[in-house]
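Letter by letter, the chains look like this.
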Amino acid sequence: AMEVFFDSSEPYVNHALAVADYVHNNDVALLINVKNALIREPELERYMLEVGVLHGAVTLYGEVGTREHREMAEQIARNVRGVGSVKSGIAVINRI
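Keep in mind that this is a model prediction, so the values were computed, not measured. (Residues numbered from 1 in each chain as written. Predicted model: local features only at pLDDT ≥ 70, side-chain atom pairs only at ≥ 80, totals over all residues. Heavy atoms only, no water.)

Undergrad: For this particular structure, what's the right way to read the pattern of salt bridges?
TA: Side chains that differ in sign of charge can pair as their charged atoms come close. Evaluated as defined, the whole model comprises 2 salt bridges. In this structure, the salt-bridge partner of E74 is R70, at a minimum N-O distance of 3.9 Å. Residue E74 and its partner R70 are located together in helix 2 (residues 67–78), separated by 4 residues, close to a single helical turn. Residue classification places E74 among the buried positions, given a relative accessible area of 14%. With relative accessibility at 25%, the residue R70 sits in the partly exposed group. (Salt bridge = Lys/Arg side-chain N within 4 Å of Asp/Glu carboxyl O. Helix = DSSP H or I, 4+ residues; strand = E, 2+ residues; numbered from the N terminus. Buried < 20%, exposed > 50% of the residue type's maximum accessible area, 1.4 Å probe, protein only.)

Structural data, given as structure tokens:
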């Protein structure tokens, strides 16, 4: 990791770094909460769904067997407190 040096007489820089840190920490918390919510759903536990979060916007990735399961995953993510929006990159793959 690179160290960041700044003049403490620059309150704007301090504020920007604090906000960046908060946003990052919030995204990490959302990532964990969404992932946990998906894992707790028995219907979805067989799928290896991945979650991405950037500034409160969640993107879901992976494959499920039915459209209903994709919609279920999207709804679960939307219901997590603090989630701003949900985009789905989940593919429905019907394997016989």
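Undergrad: I'm lost on the environment of Q75 in this one. Help?
TA: Inspection of the secondary structure puts Q75 in helix 2. What makes Q75 partly exposed here is its relative accessible area of 39%. Sequence spacing of Q75 and L38 is 37 residues, and the spatial spacing of their C-alpha atoms is 9.9 Å.

Undergrad: Teacher, can you tell me more about the pairing of strand 2 (residues 57–64) here?
TA: For a regular strand, side chains alternate in direction, first toward one face of the sheet and then toward the other. In this structure, strand 1 (residues 50–54) lies alongside strand 2, joined through 5 bridges in antiparallel fashion. Looking at the pairing, V51 lines up with L60 of strand 2. Between strand 1 and strand 2, which pair antiparallel in sequence order, lie 2 residues; one of them, H55, sits at a positive phi of approximately 50 degrees. Note: strand 2 against strand 3 (residues 85–92), 8 bridges, orientation parallel. By the bridge assignment, A57 is partnered in strand 3 with S85. Where the polypeptide runs from strand 2 across helix 2 and back to strand 3, its parallel neighbour, the crossover connection is right-handed. (Pairing = 2+ DSSP bridges. Right-handed = clockwise from strand over helix to strand, strands pointing away.)

Take it as geometry only, folks, not as evidence of what the structure does.
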